[in-house]
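Each chain, letter by letter, is given below.
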Amino acid sequence: MSIHENLLGGPPPTHLPDDPGPREMLASGAAPAEVAGAHPTSSLAWAQLADEAFERGAAVESYAYARTGYHRGLDALRRSGWKGHGPVPWEHEPNRGFLRALHALARAAQAIGEQEEYERCSQFLKDSSPTAAQVLG
């Protein structure tokens, strides 16, 4: 028996590959729109745009940015072997952009009255990473 064997029989955690460019640009103070333009596949950049729009009270705009980041993240997860379910650990920093976009999508969906989408995304976040659900609120 391998030490790394999943005794619960579920899929292994998915760890997205590191893409430090967007993270470094944001950390250096670049505008999220600039980062998204330079790195359009970055869920992190779209999640940041969604957060900023939501903070301004622009829930529909936040929803659109979050949906883009969410779909970019789903694409990346699938390329990394994710089969539509299983852990996406918050503890692995490259996963955080997707998890933040998923949280932002749930939040914006609730704000515009899309209750089913809010519930689906909230549950997806909890199922993917209980830690992310707790940290992001």
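Small disclaimer: the values here were computed from a predicted structure and weren't measured.

Peer 1: Before we move on, can you summarise the pattern of salt bridges with the specific residues and values?
Peer 2: Applying the stated criterion to the full structure yields seven salt bridges. With a closest N to O distance of 2.9 Å, Asp-18 and Arg-23 form a salt bridge. Residues participating in the shared-partner salt-bridge network are Asp-18, Arg-23 and Glu-93.

Peer 1: Before we move on, could you go through the packing of aromatic side chains and cite the residues and values that matter?
Peer 2: For the structure shown, the criterion picks out five aromatic pairs. Look at Tyr-70 and Phe-98: their rings are 6.1 Å apart centre to centre, the planes differ by 25°, and that puts the pair in the stacked class. One end of the pair, Tyr-70, is in helix 4 (residues 59-79); the other, Phe-98, is in helix 5 (residues 96-111), with 28 residues separating them in the sequence. You can call Tyr-70 buried: its relative accessible area is 6%. Taking the relative accessible area as the measure of exposure, Phe-98 reaches 1% and is therefore buried. An aromatic cluster is present here, built from Tyr-70, Trp-82, Phe-98 and Phe-124 joined pairwise through their rings. It is Arg-107 that lies over the ring of Phe-54; its NZ or CZ is 4.3 Å from the centre.

Peer 1: An account of the nonpolar core is needed here, citing residue identities and associated values.
Peer 2: Nonpolar side chains in soluble globular proteins tend to be buried together. Grouped together as the largest cluster of nonpolar side chains are 24 residues, with contacts concentrated most on Tyr-70, Leu-74, Leu-77, Phe-98, Leu-99, Leu-102 and Phe-124. Filtering out sequence-adjacent residues up to four positions away, Tyr-70 remains in contact with Phe-98, Ala-101, Leu-102, Leu-105, Arg-120 and Phe-124. If you look at the next biggest cluster of nonpolar residues, it comprises seven residues, including Met-25, Val-35, Ala-45 and Trp-46.

Peer 1: An account of the packing of helix 3 (residues 43-55) against helix 4 is requested, with residue identities and associated values reported.
Peer 2: Contact pair helix 3 / helix 4: the axes reach a minimum separation of 8 Å and the direction vectors enclose 165°. Taken together, the axes of helix 3 and helix 4 are roughly antiparallel relative to one another. By crossing handedness, the relation of helix 3 to helix 4 is classed as left-handed. Residue-level inspection shows Ser-43, Trp-46, Leu-49, Ala-50, Ala-53 and Phe-54 of helix 3 in contact with helix 4, the latter providing Glu-61, Ser-62, Tyr-65, Ala-66, Thr-68, Gly-69, Arg-72 and Gly-73. A breakdown of the residues in the contact of helix 3 with helix 4 according to their chemical character gives seven nonpolar, five polar and two charged.

Peer 1: An account of helix 1 (residues 20-27) is needed here, citing residue identities and associated values.
Peer 2: Here helix 1 has its buried residues at Gly-21, Pro-22 and Met-25. Buried residues of helix 1, viewed axially, fall in a sector of 95°; they line one side. Of the residues in helix 1, the exposed ones pointing more than 90 degrees away from the buried face are Glu-24 and Ala-27. Contact partners of the buried residues in helix 1: helix 2 (32-38). One or two residues past the end of helix 1 sits Gly-29, with phi positive at roughly 100°.

Peer 1: Go over the environment of Ser-42, please, and point to the residues and values.
Peer 2: Along the chain, the position of Ser-42 falls in the loop between helix 2 and helix 3. Classification of Ser-42 by relative accessible area gives buried; the value is 7%. A sequence separation of ten residues divides Ser-42 from Glu-52, and the C-alpha atoms of the two residues are 16 Å apart.

What counts, and at which threshold
- Residues numbered from 1 in each chain as written.
- Predicted model: local features only at pLDDT ≥ 70, side-chain atom pairs only at ≥ 80, totals over all residues.
- Heavy atoms only, no water.
- Salt bridge = Lys/Arg side-chain N within 4 Å of Asp/Glu carboxyl O.
- Phe/Tyr/Trp six-rings, centres within 6.5 Å; stacked < 30°, edge-to-face > 60°.
- Helix = DSSP H or I, 4+ residues; strand = E, 2+ residues; numbered from the N terminus.
- Buried < 20%, exposed > 50% of the residue type's maximum accessible area, 1.4 Å probe, protein only.
- Lys NZ or Arg CZ within 6 Å of the ring centre and 35° of its normal.
- Core = buried A, V, L, I, M, F, W, Y, C linked by side-chain atoms within 4.5 Å.
- Contact = heavy atoms within 4.5 Å.
- Axes fitted to C-alpha atoms, helices over the stretch in contact; angles between N-to-C directions.
- Parallel < 35°, antiparallel > 145°, perpendicular 65-115°, else oblique.
- Left-handed = near helix turned anticlockwise from the far one by under 90°.
- Nonpolar A, V, L, I, M, F, W, Y, C, P; charged D, E, K, R; others polar.
- Arc of directions from axis to C-beta.

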